[in-house]
Structures are given as structure tokens and as C-alpha cells.
Amino acid sequence: MELSSAEGASTRFFGLTQRSVSEDLGCRRGEFSRKHYGSVELLISSDADGAIQRAGRFRVENGSSGENTDSTPGTWHRTDVHLENPEYHTRWYFKYFLGKVHQNYIGTDAEKNPFFLSVVLSDQNNQRIPQYHSILWRKTGTQKICLPYSPTKTLSVKSILSAMSLDKFEKSPREIFHPEIQKDLLVLEEQEGSVNFKFGVLYAKDGQLTDDEMFSNETGSESFQRFLHLLGDTITLKGWSGYRGGLDTKNDTTGTCSIYTVFQGHEIMFHVSTMLPYSRENKQQVERKRHIGNDIVTIIFQEGEESSPVFKPSMIRSHFTHIFALVRYNKQNDSYRLKIFSEESVPLFGPPLPSPPVFTNHQEFRDFVLVKLINGEKATLETPTFSQKRQRTLDMLIRSLYQDMMPDLHKVNNVLNRRSFSDVLPESPKSTRKKEEARQAEFIRLGQALKLKTTLKGDTTANLATTSFCKKEPWESQSFCSNFPHEVVCADSWGQSLLVSTDAGILLIDDGQPSVQVFDKTLQIKQMNVLEALDLLIARTDKGKESRILVFRLSAVQKDIETNKVIRSKYDCRENKLERTKGCHLYAINTHHGSELRIVVAIRNKLLLVTKKYNSCNTLTSTSPLSSPESPVEEFQYIREICLSDPPVVMTLVDGPTGDSDNMICVAYRHQFDLVNESTGESYRLHHVETNRVNFVAAIDVYEDGEAGLLLCYNYICQYRKIYPFSGGSPLVQPSAYDFHFSWNQVPYAVVCAFPYVLAFTTDSIEIRLVVNGNLVHTAVVPELQLVASRSDIYFKATAAVSGPSDSSKEMGSKSSPQTPTAYEKPEFPLPSLEGEVPCKSLYKIPLSNLVGRSIERPLKSPLAPKVITTTTSSGITSLPVMHSLSLSRMEIKEIASRTRKELLG
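Residues numbered from 1 in each chain as written. Predicted model: local features only at pLDDT ≥ 70, side-chain atom pairs only at ≥ 80, totals over all residues. Heavy atoms only, no water.

J.: Describe the overall build of the protein, and please don't skip the residues or the numbers.
T.: Along the protein, the regular secondary structure elements total 16 helices and 46 strands. In the protein, buried positions account for 58% of the 906 residues. Carbon and sulfur atoms make up 49% of the accessible area of the protein, which totals about 38,200 Å². (Helix = DSSP H or I, 4+ residues; strand = E, 2+ residues; numbered from the N terminus. Buried < 20%, exposed > 50% of the residue type's maximum accessible area, 1.4 Å probe, protein only. Areas by Shrake-Rupley, 256 points an atom, 1.4 Å probe, with all protein chains shown as cover.)

J.: I'd like to hear about the pairing of strand S21 (residues 505-509), residue by residue, with values.
T.: Counted residue by residue, S21 has five buried out of five residues, so it is predominantly covered. As paired strands, strand S20 (residues 497-502) and S21 are joined by five bridges and run antiparallel to one another. Looking at S21, one finds that Thr502 is bridged to Gly505. Two elements, S21 and strand S22 (residues 515-519), share three bridges in a ladder whose sense is antiparallel. Each residue of the ladder has a partner; that of Leu508, found in S22, is Val516. The antiparallel pairing of S21 with S22 creates a hairpin that spans five residues between the two strands, and Gly512 there sits at a positive phi of about 75°. (Pairing = 2+ DSSP bridges.)

J.: Describe the nonpolar core, with residues and values.
T.: Note on soluble globular proteins: their nonpolar side chains tend to be buried together. Residues Val201, Phe227, Phe270, Ile299, Leu338 and Phe365 are the most contacted members of the largest nonpolar core, which totals 41 residues. Those elements giving two or more residues to this core turn out to be strand S10 (197-204), helix H8 (222-231), strand S12 (257-263), strand S13 (266-272), strand S14 (297-302), strand S15 (323-330), strand S16 (335-343) and helix H10 (362-380). No other element matches the eight residues that H10 contributes to this core. With residues up to four places along the chain from it excluded, the contact list for Phe227 reads Val201, Ile299, Phe301, Val327, Tyr336 and Phe365. One finds Tyr93, Phe94, Cys146 and Ile398 within the second-largest nonpolar core, a separate group that totals 25 residues. (Core = buried A, V, L, I, M, F, W, Y, C linked by side-chain atoms within 4.5 Å. Contact = heavy atoms within 4.5 Å.)

J.: Just give me the short version of the pairing of strand S36 (residues 717-722), but keep the residues and values in it.
T.: The two faces of the sheet receive side chains in turn, since in a regular strand these alternate between them. Most of S36 sits inside the fold, with five of its six residues counted as buried. Hairpin remark: strand S35 (residues 707-714) followed by S36, antiparallel, with two residues in the connecting loop; positive phi at Asn715, about 45°.

J.: Break down the environment of Leu397 for me, with residues and values.
T.: With respect to the helices, strands and loops of the structure, Leu397 is situated in helix H11 (residues 384-409). What makes Leu397 partly exposed here is its relative accessible area of 25%. Separated by 213 residues in the primary sequence, Leu397 and Asp184 place their C-alpha atoms 8.7 Å from one another. In this structure, Leu397 is in contact with Val187, Leu188 and Gln191, ignoring residues within four places of it in sequence.

J.: Give me the sheet that holds strand S32 (residues 672-677): which residues, what numbers.
T.: In space, the four strands of this open sheet follow the order S30-S31-S32-S33, with antiparallel pairing throughout. Looking at the sheet topology across the chains shown, the edges are occupied by strand S30 (650-654) and strand S33 (683-688). Strand after strand, the sheet turns through a mean of 20° between neighbouring axes, direction not considered. Sheet topology note: the strand S31 (residues 664-669)/S32 ladder contains six bridges and is antiparallel. Each bridged residue has a counterpart across the sheet, and for Ile665 the counterpart in S32 is Val676. (Axes fitted to C-alpha atoms, helices over the stretch in contact; angles between N-to-C directions.)

J.: Give me the lowdown on the side chain of Thr108, citing residues and values where you can.
T.: Here Thr108 is to be found in strand S5 (residues 103-109). A residue is classified by how much of its surface remains accessible, and Thr108, at 4% relative accessible area, is buried. At 2.9 Å, the side chain of Thr108 forms a polar contact with the side chain of Glu170. When neighbours within four sequence positions are excluded, Thr108 is seen to be in contact with Asn113, Pro114, Phe115, Phe169, Glu170, Lys171 and Tyr402. (Polar contact = N/O pair within 3.5 Å; in protein donor to acceptor, adjacent residues only side chain to side chain.)

J.: Give me the lowdown on the side chain of Gln672, citing residues and values where you can.
T.: Along the chain, Gln672 turns up in strand S32. Exposure remark for Gln672: the relative accessible area of 4% places this residue in the buried category. In terms of polar contacts, Gln672 uses its side chain to reach the side chain of Arg670, at 3.5 Å. Engagement of the side chain of Gln672 in a polar contact is seen with the side chain of Asp674, the distance being 2.9 Å.

J.: Pulling in residues and values, what's your account of the packing of aromatic side chains?
T.: For the structure shown, the criterion picks out 31 aromatic pairs. Geometrically, the ring pair formed by Phe224 and Phe301 is tilted, given 5.4 Å between the ring centres and 55° between the ring planes. In this pair, Phe224 sits in helix H8 while Phe301 sits in strand S14, placing the two residues 77 residues apart along the sequence. Summarising the burial analysis for this pair, Phe224 and Phe301 share the class buried. Between the aromatic rings of Trp475 and Tyr757, the centroid separation amounts to 5.7 Å while the plane-to-plane angle is 90°, which identifies the pairing as edge-to-face. Taken together, the positions of Trp475 in the loop between helix H13 (433-457) and strand S18 (478-481) and Tyr757 in strand S41 (residues 757-761) put the pair 282 residues apart, joining distant regions of the chain. Residue classification places Tyr757 among the buried residues on the basis of a relative accessible area of 1%. (Phe/Tyr/Trp six-rings, centres within 6.5 Å; stacked < 30°, edge-to-face > 60°.)

J.: Which residues make up helix H6 (residues 181-190), and what values go with them?
T.: Among all positions in H6, only Ile181, Gln182, Leu185, Leu186, Leu188 and Glu189 are buried. End-on view of H6: buried residues confined to an arc of 155°, all on one side of the axis. (Arc of directions from axis to C-beta.)

J.: I'd like a description of the packing of H8 against H10, backed by residues and values.
T.: Look at H8 against H10: their axes get within 10 Å of each other, and the N-to-C directions meet at 70°. Relative to H10, the element H8 is oriented roughly perpendicular. In terms of crossing hand, the pair formed by H8 and H10 is right-handed. Along the contact surface, H8 presents Phe227, Leu230 and Leu231, while H10 presents His362, Gln363, Phe365 and Arg366. Of the residues contributing to the contact of H8 with H10, the split by class is four nonpolar, two polar and one charged. (Parallel < 35°, antiparallel > 145°, perpendicular 65-115°, else oblique. Left-handed = near helix turned anticlockwise from the far one by under 90°. Nonpolar A, V, L, I, M, F, W, Y, C, P; charged D, E, K, R; others polar.)

J.: Can you tell me about the packing of H6 against H13, naming the residues and giving the values?
T.: Where H6 contacts H13, the axes come no closer than 9 Å and their chain directions differ by 35°. Taken as a pair, H6 and H13 cross one another with a handedness that is right-handed. Touching Ile181, Gln182, Lys183, Leu186 and Glu190 of H6 are Phe443, Leu446, Gly447, Leu450 and Thr454, all from H13.

J.: Give me a positive patch on the surface: which residues, what numbers.
T.: On the surface, Lys545, Arg574, Lys577, Lys582 and Arg604 cluster together into a positively charged patch. Among the structural elements, Lys545 can be located in the loop between strand S24 (536-541) and strand S25 (548-553). Under the relative-accessibility criterion, Lys545 is labelled exposed at 70%. (Patch = residues over 30% accessible without salt bridge, like charges linked within 9 Å, V, L, I, M, F, W, Y side chains within 5 Å. Salt bridge = Lys/Arg side-chain N within 4 Å of Asp/Glu carboxyl O. Lys, Arg positive; Asp, Glu negative; His and termini not counted. Charge placed at Lys NZ, Arg CZ, Asp CG, Glu CD.)

J.: Just give me the short version of the pattern of salt bridges, but keep the residues and values in it.
T.: Taken as a whole and judged by the stated rule, the model has 31 salt bridges. Its salt-bridge partner being Glu287, residue Arg290 comes within 2.7 Å of it at the nearest N-O pair. A residue pair is termed a helical-turn pair when its members lie 3 or 4 positions apart in one helix, as Arg290 and Glu287 do in helix H9 (residues 286-292) at three residues. What you see here is one network of salt bridges that share partners, running through Asp211, Asp212, Lys289 and Arg317.

J.: Give a detailed account of unusual backbone geometry, specifying residues and quantitative values.
T.: For the peptide bond that leads from Gly350 to Pro351, omega is -5°, which places it in the cis range. Between Phe755 and the following residue, Pro756, the backbone shows a cis peptide bond with an omega angle of 15°. A positive phi is found at Lys112, a non-glycine position, where the angle reads about 65°. Its location among the elements puts Lys112 in the loop between S5 and strand S6 (114-123). A residue is classified by how much of its surface remains accessible, and Lys112, at 56% relative accessible area, is exposed. Phi angles above zero are rare outside glycine, and Ser165 is one such case at about 65°. Within the secondary structure, Ser165 is located in the loop between helix H5 (157-163) and strand S9 (169-176).

What follows is the structure, encoded as C-alpha cells:
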């Protein structure tokens, strides 16, 4: 890579230290609110005489976040629309195992509960990245993890189960060789929920207040018919061969026609009240209620003006329906208004409604509604009513399968059973090679036949979503620096540039420009923070006993670049060393708010608290670089020293509500996360990890409506704990109803929070989930991935092949309706270099404004298939697209909205 002599650097990096919108977003990236998902209310319904009929507690989503919002249609304040936990990412057994050689094991845990384990060695999305996909089947549900493949290191069943926190057994696992086990395991996977959906559609005239009145409507209005046509196609039930949703397709006992569609691979049948059989003698319309009353999700299409009596879920007598979507049509501006009612026990699900929830684009409204309803039904299956039933069913199926399998296992050759705790290998011992090859051939044949049968029945989604639009997703990356040859140690963003510590020294990199060397390679920076607002660069250098914290004035560094001064070395930084920090191995700073900059430095088991006051004279807007000393060391003051029992592995500063004496430090060591009071040094247990081995990843401070919380990340787990203000001198850290946890599919080495998303980085993938519920949105395969910086924009380094992306995309057949045109494109990524190819690593950027800014204001978009835009750069290297509400000031919102509109129009 070319290193410039810094000529013209003044022009390139002019204004480098000005505070950017990206930095403002970065300061607030950890702030989120569940208020965007509505609030729980007690809803009471009454009859025409005012007598109370029923009451219930529902979460009401009306697109209001407590702010004064413009009611003009088209003013969108919303997050992007995504299917949560999409089946093409969650149905592992069908996707990775069925029809392929894999191993299945059976055993019982210490409580004598039977379990099954399935392991397969496969490519990660055909990207030539071999991985072990493992599924543990238990009565409580399935647990799925990915483990890296190493040709030199073997993997045992015991190590796989240990990674799933299963270390003790009543009976050791034994391998199952029957090909028929695939059919039984597929049945277990299907218990996670149907891939096809049936939704009720109930027509309500203006002024109707009871379900008997609504179900008694023989026909709907013209606007209701247009709404049905928007949802899907009218199909004749007799002889219908697709998904029928419980309707009669032989004798017309449930009507002659219905509404049907396919959306992103899911077949959907609508139970329309006016299309179901009507009886003049039966005022309760039992036949209609039998179908719509047993739907988990029901759409209520209500006629009338906004001033008309409002629908309430308690008007409908159903113990099964948990979610109601109220739709109103406005003839004046040809728009739809949406309101969502969810039973209180239903977990949060997205997408949150825009504010106001008015849709003028009908196709976009359809896409939004269908995604919201599908996500809602999936969320409902996690309520106690359904999860307990599913657990009983799983327990019965697993125990029955265990009883059927165990007698036969005793008859199997003992030589094969020795593999139960041996290495998981794709090949068999030579002594049984022929017998094993015959068994594997039969195993594959049966699995492929089962996969074909399941697909033809419509019991699985297409691997790719179908959509009529091809727009970018917010996590799609941009090429930042092609063919970057240096090893990256750490980095941080500086304006629109990136300050990178490499094996060749400290480089300043700008998009498409030659890099500028800031320090030579004698200065080895292991950790850094660029604080533009304070004109500071903080760095931890060297290692072991020689490690130090250095502080630099950014304006002085910039001046060196502009004047083409001699590149600094380690020996030119003696005046920049903070006192008492010799031998440090970790440091942390407060990143969100407060009246002062706080730095906590870890030196073995000691914590050193250092502060720098936020004085107005320290800001760049009021201080000239010439009036300040070149080294800002004297501006820092030592406060106190705190002793811990062990050296911390992870450390995060948490701002207290007052910032006076309630600031805290979260530290991770041994098997626990602790909270330490900065003022007193007292330590409080926050979370204990109940596993033999702990790999601490991160403790991320997030602020929900201004109240502190922590995302504790270790092993496969991400746990959210809300931290309440101090009470009587100690923080309240007991379990709360707000706490939740979720599991990653692969152990990450870094986790980044950018509301509404939380991203986990592994060596070859980025797993993207939602912060509020932990639901999976997408998994991106990125070969040889290394996270570089994430304080504002997210930068990472990855491998690309000079030969370009793979052209092995395949088209897949699937049913679709005219409302859902197909546009199949298989996600493509640059492949790892093959033998004889020259490896190429580049730097890529995911703009934070795309992740966070899009959730502020922008036109509504369709949910998309994971799409790749393969744009070739001038250097001939294909850029790597990563596949697959925040509280800001009005000025920030306007600036983000203006930039986003320009991008969309451009």
C-alpha cells in the first residue's frame, strides 16, 4: 500500500476534528426504548347500553412515542422491516443436515431426561468455510451452535455437549445409525412452529361493538374488497392443492373461495369472515367463529371515521387469538391506518409502527402488515400458553423416540459404538469402510427423499425470500480501503477517516486516498480512543511491564500531518505518558454522557481512576491549538485506586443517574460480572456464570429511556440486566422483569450495539439480532473477518478473491402470487483464496447512520431478500457487501433525514 509523504494532507483531512453526525450518533448508539413498541393498557368493552362486557390487558401500538408527531401521511419515523427468526436461518436440520452425511447421538442427562445430538460438517452457506453445525434436542427446545473446523484439531462429542453446557450424563451418548432417525428429528424441528400461516380477517361496519354483529356481516364494502385484493389472490377452495389453513378443499363446507398468497417463501391463507359460511338462523355464526376464533392473529377491517367508536380486543370472545391488527381506510387521501393490539404476555416483536401509522403506498403497507403479523404469531408461540404445550409435546416425542431407539442400539456392533465419545469425523474406520459406505448411501437416499417430500408438501420455505424490490439493507457494507496489506491491531474513527495501529506503524486512512503515517512502528498501540470533541487521542501502548497510557492532543497530531513534520516514534512520546499507568493491560472510558471524562486503567488487579473535566475551554470551538500545551497530560488528575480480587478481563464504565457518586464500573473476571462503585470501591455481584469454561466477550452499557443497563456477553450467551439507581448505598441488581437473554449461534469475539441492532462478530460471520428481544434478523458469511473499529461507523477487515464472487447461484422454484413477484438471488460473498490465488484483504465500512439513522426518518421500504450488489471498484476488486428509536436532537434528525433522502434520490 502506498504511503504518502503527507503532501496535501491538510486539504484531505481539513476539518478532521470537527464533530460529525456519526460521532453524535455514536454517543447515543447505546440508547434504546421499548416505548416504540407500545404500552400495556387495560381495555374494557361495553355494549350499546354501556354495560361492561369483558376486559383484558393488551399492549397497544399506535405509532406514538410520546412526542408531538406530524400526522401528515408519509412522515415516517420507523425502523426497517425484517422478518424475525427467518426459517432459512433457523431451520437448521432441514437446511444443513437432511440428505447429507451426518451423525446423530442419543443419551440422558444427569436428571435422566433423554436428549438427541445431531452434528454435521458442512460449508457455511456454500462459502467454502467448513463448520460443524450442532443441534441439541431436549424437551425444553433446541439449542444450535456452530463450531469451527480445524484439519489439525479433532472434535469430540463430549466437547460439543460441553459447549452447550451439558457436562454430566446419566447415560453417555451413543451414535444412532438408523436412516429413519432423520424423519423423527425433522418432526422434532417442526415443533418450533409452522412455516405457513393462517390469519383471520373480520369485517366490522361503523358502530358495531360486539363480535356477534361483526361476524353477522354477509358482505363487505368496496374498500374492504380492495383491501382483500391487496392482501392476496382469490382462489377456489374445491380442488385446491396448496396450503389450505384448515379450510375444506373437497366439499365446500367452509365456503367456495378464500384469499391466499405467498410472502417471502411463506404460504398464507386468510380466513375471511364474509367468505366463510353464513347462517341466518345462527346469530352467533359459529362456523365463522370456529375458524377466525382459532387464529392466533386476526385483522379487523373497521369502517367509519376516526371519531367513530374504537375497536377493542375485549369485544371478541376468543381464548386463542392473541394479536389484533386494526385497519382503517381513508378515502380522502387513499391511505391505510394501522393499530396493533397484543395480549400482555406476548413478547415484543417488530417492526415498530411508523409515526403516524399512516400508509399511502399500498404495496408497502401490505409488506409491512404481513411482516408484522408473521412476527407476531412467532412471538405468540413463546407465551406460556403455547410454550408449555410445545414443551409437553417435545417431551413426549423425545421420550417415545428414546424408548424406540435404545433396545436397537444394544444390538449394533460395539466397534461402531466406540465412536460415541471419539472424534467426530466425516470418514469411518477402515475395518468397517464398506459397511459404512453402504449405510451412508442409504442414509443420504432416505434423507434426500424426505427433503423432496417435505418441500413438495409445502412444509418448508424457500431458502430465499421473494420480493419485487431490490434495495440495500442497513447492514450492507461499503468498500473503504482495497488491498490493505498490513496486520491490524486496533483502530478508531477520526471524522470520516480511520486511525489504524498496524505492524507498519500508526496510519491515517481515508476512503480512496493513500494512507498517511502518523507514528512509526516503534510505537505499538494495543488500544485507542479518538475523542474529537475533547481534542484527545488516548492509547495503550506496548505490553507487559512496559505498557503505558499515552494521551495526545489531536490538533497537534493534525499539525504534524499538515506541516509534513518528521514522523514521531516511541521515543518522542515521553511527555505524553500518564503517571501511575505503567504495566496496565486494559483501560475503559465513559462514552455516553456526564460532566467529565473518566478513565479507569487496570494494572493487574488494581483499578486506577483518572478524570479530566469537561471545561468549555477544552472544546475545539473555543480554544486555539496554539494556546494549549502540546501534551495534555497535566489536564488529567488521579482520583483513587481500587483493588479487585483478580485482574479484569472485560471492563465497562456505567454512568449513574446523577453522575455524582453513583457511577459504576462493570468488571468481568473468574466466573462472574461485578459492579464496582467508583466512589467507594465497594463491589456487588451482578451475574454469575454457571459453566466450567468462560469466554468473556463484552459488557456493553446501554441506556433504556435514560436508565442504565448492561448487555453481558460471554460464551454463546448475551444477557441484558437493568441497573437501577443506588438505594441505601448499593445498586439494585436483583432480577427484573426487564431482564432477558438470548444465545448466539456461534461464539463471538466482539459484540457491537447500534439500536435497533446488536451485531456479533466471529471469525467468518456477522450475526445480526434486535436489541429489544434478541431475535435473529440475518447471518452474514464474511470469510476471515476481523472487526477493526466500532465506536461510530463499523470497520472490518475481510478476505476477497481476485477472481471475484462465485457464480454458483441457483434459482429455486416456489409458489408465488401476482402480489409477490419473485426475484431469487443467492447471497454471494468473495470466496477464500484457493491454491494458486493471491489472497487479498480489504477494509470495509458499515455506516452507523445506516444502522441507527434509518430508524429516525426515511421512506418506508419493503422487506427484502438478502441481496448482494456486486460493484467492482476501480482496482478490479469486488467490494464486499455484508449480508443478508433513538432520541436525537431535531437538528440531528433533519441532517440525517436530508442525507438519507439524497442517497435515495441519488
